[in-house]
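One-letter residues, chain by chain:
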Amino acid sequence: MKAIHIKLWRDLRRLRTQVATIALVVAIGVAGFVGMFSVHESLQDSRDDFYRENRLADVFVNVKRAPMHLRDRLAAIDGVAEVRLDVVFDAQIALPGADTPVTGRFIGLDLARVHAQRQSLNALTLRSGRWPERGRELEAVVSDRFAVARQIKPGDRIDAVLNGRLERLHLVGTAISPEYVFASRGGAPDDKSFGIWWIDGERMLQTFDMQGAFNQAALRLNAGAREVSVIDATDRLLKTYGTLGAVGRDKQLSAKIVTDELAQLKVMGTVLPAIFLAVAMFILHVVVSRQVATQRSQIAALKALGYGDAAIAWHYIQLALVIAGLGVFAGLVLSVWIGQLMLGLYDEVFRFNRLAYVTTPWLVAVAAAIAAGAAALGTWGAIRAVVRLRPAQAMQPLAPPRYRRTLLERLGLGRRVRAGTLMAIRDFERRPWRAAFTVTGIAMAVALQISGAFWLDAIAHIVDVQFRQVQQGDVLVNFHKPVPLSVVQDLRRLPGVLDAEPYRSEPVRMRLHGVTEDAQLLGLDASAQLLRVVDETRGHVALPAQGLVMSSLLARAIGSNVGDRVRVEFRLWNQTQADVQVVDIVHTMMGKQAFMRLDVMNALARDGEGVAEAALQVDPLAMPAFWDAIKRAPVINAVFDKAGSLASFNETTSRNMGVFSGILTLFAIAMAVGIVYNAARITLSERAWELASLRVLGMTRAEVSVLLLAQLGTELILALPLGAVTGWALASLLMRLMSSDAIDFPVVVEPSTYASAALIVLAAGLASAFLVRRQIDRLDLVAVLKVRE
């Protein structure tokens, strides 16, 4: 083994603690990159395989009611390869042992095709039990996630209100569908309140009086077909039948949510690892630069023995690469734990045929290359110093630096400051770049902690706005067909109902200056209090007597401003059109919506005074009697229980975001320890002779420690406010990168989040200071003072 190789291993052994802390920072960056992207690849591969094997359609369209004979005309559209027509309705379900009714989406199943294993588009995969059979009993298969959440199994019998009639269902199996990888009515995860049910298609037609008709179509396109042209042709064909508008796979609710989640994983796997690798570059730069400064005589000896500049430069690059290599190895191990943990959380939300964690070779190669590149860049300054150093020059001690009085001393205030404080100020002023990098690194640790914890604050804010300010009622009910406004009086007579308000929600198409956007128009009573329009910053917004109020997401999509007149096209019923003035624009965070008075909306729609939805306020003590009455109400086909949905939402999001926040907290601690410990160790190595001299002159260990650690404490204190500002900026960046055209979540960071981030980083800094303090206590005064003058 060559002498220079022996030196490399000796350097690594002597710097083992610093090597470990730097490798840990690199490991976290690698783990975040490999883990996040491995989860992304695993989810994407599972999704693509599931969509391909179960033949997910390319275009989806809902219609009020259309005749079956349109199948041939749909199939004749240029670019369409296959057509599937379905009958789909939501209905109320009474589960055994459950007080609250839940909503089920019922879909007709072609039993002949299923039993012959010739399913068409959006094919199901049976997870347990068997397929339904035609007979006296109405047999059903339910979505797997709903069965798990509600602890129901094949063999159970369940009551459902189908088209106003009570039916007894015999559950015979569970299944998953590519159309409902994420099953939700409104976009929020709630497996306990919403499930998908498949029953005999013939019974479905009879039960819902849909013989010879369909209300949902799915189309598979030929390779190379223009999706936009097919969507336009489909809309023209189905327009007279009350279509909601055809959409591509990218806008189908389940597929869109999966795609958005994949995009968010990419953002998290790019932004956060980049921070750690940048910090690792800085630490390596400082450590290796210090190595070069303290090993001048050794470098001179190596050059005198015939080692060239390239060989010595490669030696220091190897030092950095070994540290990076250790970090890559540890990061790959850590990435498996992170990836499997996150994939387990996704498995509770998404359902595919297969979902397994896989790390591809290209990810490992890219991670290793990025880490090696960061290590090489971090040592570049030190390498340049090695190349410029001549043997004769290196054999001499470093020339004493030229000092000058600090700004504080030049202002005549030096005598008013304690000696220890003045020494810390001098070190700051004489090494400003190092101090700035240390403060910035600690600030990034604070910012990382904030960026992981603020999600809980944002979710709490969303819950407060949506569930407490917008929806002040307790229950929303949906009728299977429009009912007169007088139904409100009937609802108020139900047990425990304190108040009831009707409202109307209709799909519309908005047009302005040639731009078209599908949206939801909500009609509310002039004095509505149970369901309100709420601006995130302004609070409750009263509806104007005429005109409409538009959500900021919808206004942004069509380029609308207050005062514009937009064309409103109703998609169902009479399909009327009207030009309406935009009176106000509100920030509603979710959904492309518009709001107007219920009487104004009915007048524009010209289809009567009926409503299909109502919001109720119920006495909590009377809830059991209320739910019993709702279960016996045949006209109600769907129910939204705010308390149950909120509990389920909080349970799911708190668990998932708690895991994510916990991982980032551990990462932030590791980053803070790596930065603070290395900064303190380097300062100690530079000032060891000075500190030892002070010890010989009579200063105690505690006094000497204060001199060294005062600078560290000052850097920590300076980093906290900078970290708070950077944390807010990083949270804003993440939110902007992860937002979509249907979501505009706010950046909300509570004071408690700032405080906890600061305390966590301070605790990590104090732990690092304690480790360095032990090094100060163990200083060998005789050995340290044996230096050349």
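Residues numbered from 1 in each chain as written. Predicted model: local features only at pLDDT ≥ 70, side-chain atom pairs only at ≥ 80, totals over all residues. Heavy atoms only, no water.

**Student:** For the overall build of the protein, give the residues involved together with the corresponding values.
**Tutor:** Counting its regular elements, the protein contains 24 helices and 22 strands. Taken across its 789 residues, the protein has 54% of its residues classed as buried. Restricting to contacts in the protein with at least 6 residues of sequence separation, those with at least 24 account for 82%. For the protein, the accessible area works out to roughly 34,800 Å², and carbon and sulfur atoms hold 57% of it. (Helix = DSSP H or I, 4+ residues; strand = E, 2+ residues; numbered from the N terminus. Buried < 20%, exposed > 50% of the residue type's maximum accessible area, 1.4 Å probe, protein only. Contact = heavy atoms within 4.5 Å. Areas by Shrake-Rupley, 256 points an atom, 1.4 Å probe, with all protein chains shown as cover.)

**Student:** Summarise a nonpolar patch on the surface; cite the residues concerned and give the values.
**Tutor:** Residues Trp337, Leu341, Leu666 and Ile669 make up a contiguous nonpolar surface patch of about 350 Å² in total accessible area. Where the nonpolar patch is concerned, the elements lending two or more residues are α10 (309-347) and α21 (642-696). Examined against the element boundaries, Leu666 turns out to sit in helix α21. Of the residues examined, Leu666 reaches a relative accessible area of 51% and is grouped as exposed. (Patch = residues over 30% accessible without salt bridge, like charges linked within 9 Å, V, L, I, M, F, W, Y side chains within 5 Å. Salt bridge = Lys/Arg side-chain N within 4 Å of Asp/Glu carboxyl O.)

**Student:** Got a sec to walk through the packing of helix α1 (residues 3-14) against α10? Specific residues and values, please.
**Tutor:** When two helices pack together, you describe them by how their axes are tilted relative to each other and by the distance separating the axes. Where α1 contacts α10, the axes come no closer than 10 Å and their chain directions differ by 35°. α10 is crossed by α1, and the crossing has right-handed handedness. Mapping the contact onto sequence places Ile4, His5, Lys7, Leu8, Asp11 and Leu12 in α1 and Ala311, Ile312, His315, Tyr316, Gln318, Leu319, Val322 and Ile323 in α10. A class-by-class count of the residues in the contact of α1 with α10 yields nine nonpolar, three polar and two charged. (Axes fitted to C-alpha atoms, helices over the stretch in contact; angles between N-to-C directions. Left-handed = near helix turned anticlockwise from the far one by under 90°. Nonpolar A, V, L, I, M, F, W, Y, C, P; charged D, E, K, R; others polar.)

**Student:** Talk me through the side chain of Asp144; I want residue IDs and the actual numbers.
**Tutor:** Here Asp144 is to be found in helix α5 (residues 144-150). Among the residues examined, Asp144 registers a relative accessible area of 10% and is labelled buried. Residue contacts for Asp144: discarding those within four places in its chain leaves Arg127, Thr174, Ala175, Ile176 and Arg351.

**Student:** Got a sec to walk through the nonpolar core? Specific residues and values, please.
**Tutor:** Leu43, Phe350 and Met671 are the most contacted members of the largest nonpolar core, which has 120 residues in total. The contact partners of Leu43, leaving out residues within four places of it in the chain, are Leu262, Leu265, Leu343, Tyr346, Phe350, Phe352 and Leu355. Membership of the second largest hydrophobic core comes to 25 residues, among which are Ala98, Ala160, Leu205 and Phe208. (Core = buried A, V, L, I, M, F, W, Y, C linked by side-chain atoms within 4.5 Å.)

**Student:** Now, about the pairing of strand β19 (residues 577-586): what can you tell me, with residues and values included?
**Tutor:** Looking along a regular strand, one sees the side chains alternate between the two faces of the sheet. In the sheet, strand β17 (residues 548-551) pairs with β19 via four bridges, with the strands oriented parallel. When the bridges of β19 are listed, Ser551 appears paired with Val586. The pairing of strand β18 (residues 565-570) with β19 spans five bridges and is antiparallel. Along β19, the bridge assignment pairs Val566 with Val580. Turn length for the β18-β19 hairpin, with the two strands adjacent in sequence and antiparallel, is six residues, and the turn residue Trp573 shows positive phi of about 55°. (Pairing = 2+ DSSP bridges.)

**Student:** An account of the packing of aromatic side chains is needed here, citing residue identities and associated values.
**Tutor:** A complete count under the given rule lists ten aromatic pairs for this structure. Judged by centre distance (4.6 Å) and plane angle (40°), the rings of Phe454 and Trp455 are tilted. The pair Phe454 / Trp455 is uniform in exposure class, with both members buried. (Phe/Tyr/Trp six-rings, centres within 6.5 Å; stacked < 30°, edge-to-face > 60°.)

**Student:** Lay out the packing of α10 against helix α11 (residues 361-378) with the relevant residues and their values.
**Tutor:** Two elements in contact, α10 and α11, have axes whose closest approach is 9 Å; the angle formed by their N-to-C orientations is 145°. Once α10 is placed against α11, the crossing between them reads as right-handed. Residue-level contacts link Ala320, Leu321, Ala324, Val328 and Leu332 of α10 to Val364, Ala368, Ala371, Ala372 and Ala375 of α11. Considering only residue class, the contact of α10 with α11 consists of ten nonpolar, no polar and no charged.

**Student:** Describe in detail the sheet that holds strand β1 (residues 59-67), supporting the description with residues and values.
**Tutor:** On the basis of which strands lie adjacent, the open sheet formed by four strands has the order β2-β10-β1-β11 and antiparallel pairing. The strands lining the two open edges of the sheet, one partner per strand, are β2 (80-86) and β11 (247-248). With six bridges connecting them, β1 and strand β10 (residues 213-221) associate as antiparallel partners. Bridge pairing links Pro67 to Ala213 in β10. Those strands touched by helix α7 (residues 227-238) are β1, β2, β10 and β11, and its axis lies near 10° from that of β1.

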